[in-house]
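Secondary and tertiary structure notes
What follows is each chain in one-letter form.
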Amino acid sequence: DGGITQSPKYLFRKEGQNVTLSCEQNLNHDAMYWYRQDPGQGLRLIYYSQIVNDFQKGDIAEGYSVSREKKESFPLTVTSAQKNPTAFYLCASSTPERGTDTQYFGPGTRLTVL
Amino acid sequence: DAKTTQPPSMDCAEGRAANLPCNHSTISGNEYVYWYRQIHSQGPQYIIHGLKNNETNEMASLIITEDRKSSTLILPHATLRDTAVYYCIVRAFYNQGGKLIFGQGTELSVKP
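Some words on the sheet that holds strand E6 (residues 61–64) of chain B
Residue and element names in this part refer to chain B.
- With respect to topology, four strands assemble into an open sheet ordered E2-E7-E6-E5, the strand pairing being antiparallel. With one partner strand each, in any of the chains shown, strand E2 (18–23) and strand E5 (55–56) form the two edges of the open sheet.
- By the bridge criterion, two bridges tie E5 to E6 in an arrangement that is antiparallel. Across the sheet, residue Thr 56 finds its bridge partner in E6, namely Ser 61.

Right under this line is the structure:
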């Protein structure tokens, strides 16, 4: 089955620790994205990557880092510099089709800082 | 990307059609209308999108008015599992770099 997987589903970390969230896709999509969602809020773009070994900052990149060494994988590291990291993190991927690019989302990782 | 306006909540009886409206009066010619839904604590699920023609897939139908200023998502036979927040998004094609802007959406409650 093609799709996007994110792991773990729930993650707890202590203040001051870095943590890495996994995102893998087997849809052969070129572009991948990380969004953050806070309770009752819309999604905010953290980083996106259009191609391997290249990525761009989104609206709220401070305190986060990413890498794109393989087409299938786009891990997100939440660093200790991120002031309020507790949130629901969503990964998405897309590819051009029918004149546009539809983004498909993974199931999300809920991060809680203790 | 153009702004969208949706009612905050709607109810629908199980087995009946759910018609979710969306206004996008400032839409421009190269902008598509997308619909996603999000069930509590899950990732958003893509439903359908269109440019100016009506579209149908296995999940839903999308009706876009001739002037493109509004659209309606139709779930033909709503089930309890269709209870979710539905988002209407208007977006141009940015060659894969564009973010999706989710507004407040419509919370659809399907009742037995």
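That covers the picture; the talk isn't over yet.
Overview of the nonpolar core
- Counting residues in each nonpolar core, the largest one holds 21 residues, and the members touching the most others are B:Trp35, B:Leu73, B:Tyr86 and B:Leu108.
- When residues of this core are traced back to their parent elements, those giving at least two are E2, strand E3 (31–38), strand E4 (45–50), E6, strand E7 (70–75), strand E8 (84–92) and strand E9 (106–111) of chain B.
- At four residues, E8(B) tops the list of elements feeding residues into this core.
- The residues contacting B:Tyr86, other than those within four sequence positions of it, are B:Gln6, B:Leu20, B:Trp35, B:Tyr36, B:Arg37, B:Ile47, B:Leu73, B:Leu75, B:Gly105, B:Thr106 and B:Leu108.
- Formed by 20 residues, the second largest nonpolar core is a distinct cluster that contains A:Leu11, A:Ile46, A:Ala87 and A:Cys91.

Focus on the sheet that holds strand E8 (residues 76–78) of chain A
Residues and elements named next belong to chain A.
- Pairing in this open sheet of four strands is antiparallel, and the strands run E1-E3-E8-E7 from one edge to the other. The open sheet terminates on both sides in strands that have one partner only, identified here as strand E1 (4–7) and strand E7 (64–66). Strand-to-strand twist in this sheet, taken as the mean axis angle between neighbours without regard to direction, amounts to 20°.
- Two strands pair when backbone bridges link them, and E7 and E8 are joined in this way by three bridges, in the antiparallel orientation. From the neighbouring strand, Tyr 64 faces E8, where its bridge partner is Val 78.

Some thoughts on the packing of aromatic side chains
- Applying the stated rule across the entire model yields 13 aromatic pairs over all chains.
- Aromatic side chains B:Tyr36 and B:Tyr46 sit 5.8 Å apart centroid to centroid with 70° between the ring planes, which places their arrangement in the edge-to-face category. Remark: B:Tyr46 occurs in strand E4 and B:Tyr36 occurs in strand E3; sequence separation between them is ten residues. We note that B:Tyr36, like B:Tyr46, is buried.
- Taken together, A:Tyr33, A:Tyr35, A:Tyr48, A:Tyr104, A:Phe105, B:Tyr32, B:Tyr34, B:Tyr36, B:Tyr46, B:Tyr87 and B:Phe102 form an aromatic cluster joined through their ring pairs.

Describing the environment of A:Ser7
All names here are of chain A.
- Counting through the fold element by element, Ser 7 comes out in strand E1.
- Look at Ser 7 and you get partly exposed, because its relative accessible area is 37%.
- Once the C-alpha coordinates of Ser 7 and Cys 23 are considered, the two residues, 16 residues apart in sequence, prove to be 6.9 Å apart.
- Residue contacts for Ser 7: discarding those within four places in its chain leaves Leu 21, Ser 22 and Thr 109.

Parameters and conventions
Just so you know, the residues in each chain are numbered from 1, in the order the chain's sequence is written. Naming scheme: in the order in which they are written, chains are lettered from A and ligands are numbered from 1. Per-residue local features are limited, in this predicted model, to residues with pLDDT of at least 70; the limit for side-chain atom pairs, both in listing and counting, is 80 or more; totals at the level of whole chains, interfaces and linings are taken over all residues. Side-chain metrics in this entry use all non-hydrogen atoms of the structure; hydrogen atoms and water are not considered. Any two strands between which DSSP finds at least two bridges are classified as paired. Only runs of H or I of at least four residues qualify as helices and only runs of E of at least two qualify as strands under DSSP, and these elements are numbered from the N terminus. As used here, the term nonpolar core means buried Ala, Val, Leu, Ile, Met, Phe, Trp, Tyr and Cys residues forming a set that is joined through side-chain atoms within 4.5 Å. Relative accessibility decides the category of a residue: with a 1.4 Å probe and only protein chains considered, values under 20% of the type maximum give buried, values over 50% give exposed, and everything between is partly exposed. Pairs of residues are marked as contacts when any of their non-hydrogen atoms sit within 4.5 Å. Lines fitted to C-alpha atoms define the axes, with helix axes restricted to the stretch in contact, and inter-axis angles between N-to-C directions lie between 0 and 180 degrees. Aromatic pairing here means that ring centres of Phe, Tyr or Trp (its six-membered ring) are within 6.5 Å. Orientation follows from the plane angle: under 30 degrees is stacked, over 60 is edge-to-face, and everything else is tilted.

So yeah, pure geometry; function would need other evidence.
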